[in-house]
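Commentary on secondary and tertiary structure
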Amino acid sequence: MSKTTGKNAGSSKNAGAGKNTKAKTPKRTRSGGKPLDDQAMAFLERYLNNASPTGYEWEGQKLWMEYLRPYVDEFITDTYGTAVGVINPDAEYKVVIEGHADEISWYVNYITDNGLIYVIRNGGSDHQIAPSKRVNIHTDNGIVPGVFGWPAIHTRRQGPQEKPPELDNIFIDVGASTKDEVEALGVHVGCVITYPDEFFVLNGDKLVCRAIDNRIGGFMIAEVARLLKARKQTLDFGLYIVNAVQEEVGLRGAEMIAERLKPNVAIVTDVSHDTSTPMIEPKREGANKIGDGPVICYAPAIQNKLRERLIQVANAQKIPFQRLPRSRATGTDTDAFAYSNSGVASALISLPLRYMHTTVEMVHKQDVEHVIELIYHTLLDIKPGETFSYFE
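Just so it is clear, the model here is predicted, and its values are computed rather than measured. (Residues numbered from 1 in each chain as written. Predicted model: local features only at pLDDT ≥ 70, side-chain atom pairs only at ≥ 80, totals over all residues. Heavy atoms only, no water.)

For the rest of this paragraph, the subject is the nonpolar core. Trp64, Ile241, Val368 and Leu379 are the most contacted members of the largest nonpolar core, which totals 84 residues. Beyond its immediate stretch of four places on either side in the chain, Trp64 contacts Phe43, Tyr47, Ala83, Val84, Gly85, Gly218, Phe219, Ile221, Ala222, Ile241 and Asn243. If you look at the next biggest cluster of nonpolar residues, it comprises 19 residues, including Trp106, Ile137, Ile172 and Ile193. (Core = buried A, V, L, I, M, F, W, Y, C linked by side-chain atoms within 4.5 Å. Buried < 20%, exposed > 50% of the residue type's maximum accessible area, 1.4 Å probe, protein only. Contact = heavy atoms within 4.5 Å.)

Within the structure shown, the criterion is met by nine aromatic pairs. Plain terms: the ring middles of Tyr56 and Trp58 are 5.9 Å apart, the flat faces sit at 40° to each other, and that makes the pair tilted. Exposure remark for Tyr56: the relative accessible area of 30% places this residue in the partly exposed category. For Trp58, a relative accessible area of 46% puts it in the partly exposed group. On the numbers, 6.3 Å between centres and 65° between planes, the contact of Tyr93 with Phe237 is edge-to-face. Separated by 144 residues along the polypeptide, Tyr93 in the loop between β4 (83-87) and β5 (94-100) and Phe237 in the loop between α4 (212-230) and β14 (238-244) bring together distant segments of the chain. For the residue pair Tyr93 and Phe237, the accessibility class agrees, reading buried in each case. Across the ring face of Tyr195, the terminal group of Lys133 is positioned such that the distance to the ring centre comes to 5.9 Å. Sitting above the plane of the Tyr47 ring, Arg215 keeps its charged end 5.5 Å from the centroid. (Phe/Tyr/Trp six-rings, centres within 6.5 Å; stacked < 30°, edge-to-face > 60°. Helix = DSSP H or I, 4+ residues; strand = E, 2+ residues; numbered from the N terminus. Lys NZ or Arg CZ within 6 Å of the ring centre and 35° of its normal.)

We now examine the sheet that holds strand β7 (residues 116-122). With respect to topology, six strands assemble into a closed barrel ordered β6-β7-β10-β9-β8-β11, the strand pairing being antiparallel. Strand after strand, the sheet turns through a mean of 45° between neighbouring axes, direction not considered. Bridge analysis of β7 against strand β10 (residues 171-173) gives two bridges, and the strand direction is antiparallel. Its bridge partner being in β10, Leu116 is matched across the sheet by Asp173. (Pairing = 2+ DSSP bridges. Axes fitted to C-alpha atoms, helices over the stretch in contact; angles between N-to-C directions.)

Turning our eyes to something else, we now look at the packing of helix α2 (residues 58-68) against α4. Relative placement of two packed helices is described by the angle separating their axes and the distance separating the axes. Where α2 meets α4, the closest approach of the two axes is 10 Å, and the angle between their N-to-C directions is 15°. Here α4 runs roughly parallel to α2, going by the angle between their axes. When the axes of α2 and α4 are compared, the crossing they make is right-handed. Counting all contacts with α2, which are made through Trp64, Tyr67 and Leu68, the residues of α4 involved are Gly218, Phe219, Ile221, Ala222, Glu223, Ala225 and Arg226. Per-class residue counts for the contact of α2 with α4 are seven nonpolar, one polar and two charged. (Parallel < 35°, antiparallel > 145°, perpendicular 65-115°, else oblique. Left-handed = near helix turned anticlockwise from the far one by under 90°. Nonpolar A, V, L, I, M, F, W, Y, C, P; charged D, E, K, R; others polar.)

What follows deals with the environment of Asn264. Looking at the element boundaries, Asn264 is found in the loop between α5 (252-261) and β15 (265-273). Considering only alpha carbons, one finds Asn264 and Glu57, 207 residues apart in sequence, at a separation of 27 Å. From its side chain, Asn264 meets the backbone nitrogen of Lys94 in a polar contact 2.8 Å long. (Polar contact = N/O pair within 3.5 Å; in protein donor to acceptor, adjacent residues only side chain to side chain.)

Moving on to α2. Those residues of α2 not exposed but buried are Gly60, Gln61, Trp64, Met65, Tyr67 and Leu68. One face of α2 carries all of its buried residues, which in axial projection span an arc of 160°. At its buried positions, α2 is contacted by α1 (38-49), β3 (74-77), β4, α4 and β14. (Arc of directions from axis to C-beta.)

Bear in mind that shape data such as this cannot, by itself, settle questions of function.
Shown next as structure tokens:
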């Protein structure tokens, strides 16, 4: 563990052992008390455009920590790259708000003698969207550009025998004609591969980019911290703003940091499916839609009294929301927090999203604002010592 101490931070019994370094004092903080102001949107664009593949999240974490720095007392980081901004680090009662920092990607798995590259997934990368996509291969020499090639329509067998994109037939072309040429560029087996697609806005209020799942979660919890400062709100408990790594490969970062922090409460945010677009069956996937508000989850890992608190706050603040049940697990970092440390009261607020695990993931700006406000107002409603026990 390493810990960075902010300007006003004292010693902390919660911070643990590690090297202490003085944080640079920020030049200024903003006075605006509304989410998604111009500076927030500029940060979101930078943060999304930066590559942060699973297992390689640290450059994105540095951007996130720099944005969050004026609004927290100190940072905790762990060996695998999870970053935590802490407000009131000496408080005994601890509340986590959490998102995950990683994005799906690919690994170089095999290089052919004629210079083509075959891949394996790093997380849940979708092989069907790969053909004709540009890629960035991350090497010790820097970025090597390439493309996922695909045979022209004229050369493929038509009809039922036509082969769709599959993991064993998609390949990357970097413009080389031999394996030696590829390796001379710095590309080797194990290099990680990301898409270069960047942030843009559709029709004024739809935010589009790769990696919104779930870089937007880290952004939203950072905005909660900013609003607490801007609106001059103080908390009577410790707030741990957690940007966890490696969610896309099994909630690994959340598992590690949950054991480290031992929180009393965890409010997790991730994305969920907009099921209003073609080829999705709402009877199976649930009926949720971008623009209709945050999605509050029902599942065994969700602590019911904490979930009902979210609903009470949403109603009191007139924040629209949707509901979604999940069979068995939520499939998010909520599960890791809920079942850690003999049980942590946990809840999940999801942001509805279209086209998950593509390079054009889409969310509604108003939903983002509503998630931020729901988390913010819920924090103001939590009292130190609350157990959310069913037996009290």
